[in-house]
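What follows is the residue order along each chain.
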Amino acid sequence: MLNCLVTVLGIFICVLLLFMTAPYIRRYMAGGVCKSTTKLNGKVVVITGANTGIGKETARDLAQRGARVIIACRDMAKGEAAACEIRAETGNQQVIVKKLDLADTKSIREFAENFLAEEKALHILINNAGVMLCPYSKTADGFEMHLGVNHLGHFLLTFLLLECLKQSAPARIVNVSSLAHHGGRIRFHDLQGEKCYNWGLAYCHSKLANVLFTRELARRLQGTGVTANSLHPGSVHSELVRHSILMTLLWKTFSFFLKTPREGAQTSVYCAVAEELESVTGQYFSDCRPAYVSPQGRNDELAKKLWNVSCELLGIQWD
Ligand SMILES: NC(=O)c1ccc[n+]([C@@H]2O[C@H](COP(=O)([O-])OP(=O)(O)OC[C@H]3O[C@@H](n4cnc5c(N)ncnc54)[C@H](OP(=O)(O)O)[C@@H]3O)[C@@H](O)[C@H]2O)c1
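Residues numbered from 1 in each chain as written. Predicted model: local features only at pLDDT ≥ 70, side-chain atom pairs only at ≥ 80, totals over all residues. Heavy atoms only, no water.

**Concerning empty space enclosed by the protein**
Across all of its chains, the model carries two cavities of 30 Å³ or more by this definition. Roughly 40 Å³ of internal volume is contained in the largest cavity. For the largest cavity, the full set of lining residues is L147, R185, I186, R187, D190, L191 and H205. Residue classes in the lining of the largest cavity are distributed as three nonpolar, one polar and three charged. In this structure, the second largest cavity occupies an estimated 30 Å³ of space. What lines the second largest cavity is L102, A103, D104, T105, T139, D141, F143, G148, L152, G153 and L314. Counting residues per element, the lining of the second largest cavity draws most heavily on helix α5 (residues 145-167), at three residues. Considered class by class, the residues forming the lining of the second largest cavity number five nonpolar, four polar and two charged. (1 Å grid on protein atoms, 1.4 Å probe; cavity = no way out; pocket = protein on both sides within 12 Å on 5 of 7 lines; lining within 4 Å. Points joined across faces, edges and corners; volume = space filled by probe spheres on them. Nonpolar A, V, L, I, M, F, W, Y, C, P; charged D, E, K, R; others polar. Helix = DSSP H or I, 4+ residues; strand = E, 2+ residues; numbered from the N terminus.)

Shown next as structure tokens:
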């Protein structure tokens, strides 16, 4: 009887504490805010996966600053709905939608070809699109889905747009990675997860690949006026966990504690516009400040090897 009472009292105190501290936890989770007032009139921005979530809010912020924003997404109807909303809210009519499916290298090449034919410059490329917790599946080119979309798709897109970025310098490349990169491992003997697949880890591996790609890219771009940085947006209430019912339920239950997509976009915006980052490159940010990178994410030899393997897989020569 006494045990029972103590347990009930314990639970009651825990719930009370949670309610009392919730506003503080929420404020902590909201993270940093990009304070930059930089205007982007005359600048061209490409954001992948900007029809929803963090990408859409990043597009909204940059459109507000006057940029010509290209929403690169696979679903034109969803992209047009997002663009319509942003145009109406910001009054910026230079928000346009272009088709890009990162799970298909043909679509990536078509997107880049059209972009280079139609646009004169590219000042900011935000590689934001991503998938998480997918059951084992392959892209059109036979790459494991997380690796193919999150890493290889953006690797190829950056390769195809790089000359334009260089010619438009100063320019910035922003790769949206994740804190999850800490759990990632680059296992070259089973990069595609064919021998051993874990849907949670596959996401972590691909996000580690984002960090390593950024590091090697920044090293190669020294002196070109193009910078490359990666970031963790925070834990954001978005559609990212849609492939897992359990995670969707968890995300909904604890949504109060998660960042809104608008809060989640702050570090992307910071990396894209902050004046103090003008010549900062090869870094990893979270909450609009430098953050800790995992030991694997700081391994230059691994970054170089991943670069070469990615080129081989995509059949490109990128020296
Ligand atoms: N949410 C978080 O807590 C969190 C934490 C750390 C890192 N991140 C990173 O933040 C980025 C944005 O995620 P989010 O939270 O905003 O998720 P989201 O709401 O699910 O948005 C992901 C975007 O990527 C697009 N996408 C997926 N596959 C694509 C493909 N094959 N081709 C083109 N676009 C594709 C989606 O398009 P559709 O709408 O057509 O599917 C969507 O626009 C991701 O890189 C994610 O890894 C998020």
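**Quick look at the site of the ligand**
Neighbouring the ligand are 31 residues, the closest being N51, R74, N128, Y203 and S238. V236 has a polar backbone atom sitting 2.7 Å from an oxygen atom of the ligand. More than half of the atoms of the ligand fall within 2 Å of the grid points belonging to the largest pocket. Those elements that provide at least two residues to the shell around the ligand are α2 (53-64) and α6 (199-220). Partitioning the shell around the ligand into residue classes produces 13 nonpolar, 12 polar and six charged. (Near = heavy atom within 4 Å. Polar contact = N/O pair within 3.5 Å; in protein donor to acceptor, adjacent residues only side chain to side chain. Sits in = over half its atoms within 2 Å of the grid points.)

**Details of unusual backbone geometry**
The peptide bond linking A169 to P170 adopts the cis configuration, its omega dihedral lying at 5 degrees. Relative to the assigned elements, P170 resides in the loop between α5 and β5 (171-176). With a phi angle near 60 degrees, C288 is a residue other than glycine that sits in the positive phi range.

**Details of the packing of α5 against α6**
Interhelical geometry of α5 versus α6 gives an angle of 20 degrees and a closest axis separation of 7 Å. Judged on the interaxial angle alone, α6 and α5 are roughly parallel. Between α5 and α6 the crossing geometry is right-handed. Contact residues: α5 offers H146, L147, N150, H151, H154, F155 and T158, while α6 offers W199, A202, Y203, S206, K207, A209, N210, F213 and L217. Within the contact of α5 with α6, the residues separate by chemical class into eight nonpolar, seven polar and one charged. (Axes fitted to C-alpha atoms, helices over the stretch in contact; angles between N-to-C directions. Parallel < 35°, antiparallel > 145°, perpendicular 65-115°, else oblique. Left-handed = near helix turned anticlockwise from the far one by under 90°. Contact = heavy atoms within 4.5 Å.)

**Remarks on the confidence of the model for the protein**
Residues with a pLDDT of 70 or more make up 96% of the protein, whose mean pLDDT is 94. Per the prediction output, this complex has pTM 0.94; the corresponding ipTM is 0.99. (pLDDT = per-residue confidence, 0-100.)

**A short note on the pattern of salt bridges**
Going through the model one piece at a time under the given rule, you end up with 19 salt bridges. We note a salt bridge from E239 to R242, for which the minimum N-O separation is 3.8 Å. With a relative accessible area of 39%, E239 lands in the partly exposed category. Residue classification places R242 among the partly exposed positions, given a relative accessible area of 42%. Each of K56, E57, R60, E85, E89 and R262 takes part in a single network of salt bridges with overlapping partners. (Salt bridge = Lys/Arg side-chain N within 4 Å of Asp/Glu carboxyl O. Buried < 20%, exposed > 50% of the residue type's maximum accessible area, 1.4 Å probe, protein only.)

**Regarding a nonpolar patch on the surface**
A cluster of nonpolar side chains, namely L9, F12, I13, L16 and L17, defines an oily patch on the protein surface of about 490 Å² accessible area. In this structure, L17 sits in helix α1 (residues 2-30). Residue classification places L17 among the partly exposed residues on the basis of a relative accessible area of 46%. (Patch = residues over 30% accessible without salt bridge, like charges linked within 9 Å, V, L, I, M, F, W, Y side chains within 5 Å. Areas by Shrake-Rupley, 256 points an atom, 1.4 Å probe, with all protein chains shown as cover.)

**Things to note about the sheet that holds strand β8 (residues 289-290)**
Spatial ordering of the open sheet is given by β3-β2-β1-β4-β5-β6-β7-β8, a layout of eight strands whose pairing is mixed. One side of each edge strand has no neighbouring strand; the edge strands of this open sheet are β3 (95-99) and β8. Relative to β8, strand β7 (residues 284-286) runs antiparallel, the two being bridged by two bridges. Bridge pairing in β8 links F285 to P290. Strands β2 (68-73) and β3 of the sheet are contacted by helix α3 (residues 76-90), whose axis makes an angle of about 170 degrees with β3. (Pairing = 2+ DSSP bridges.)

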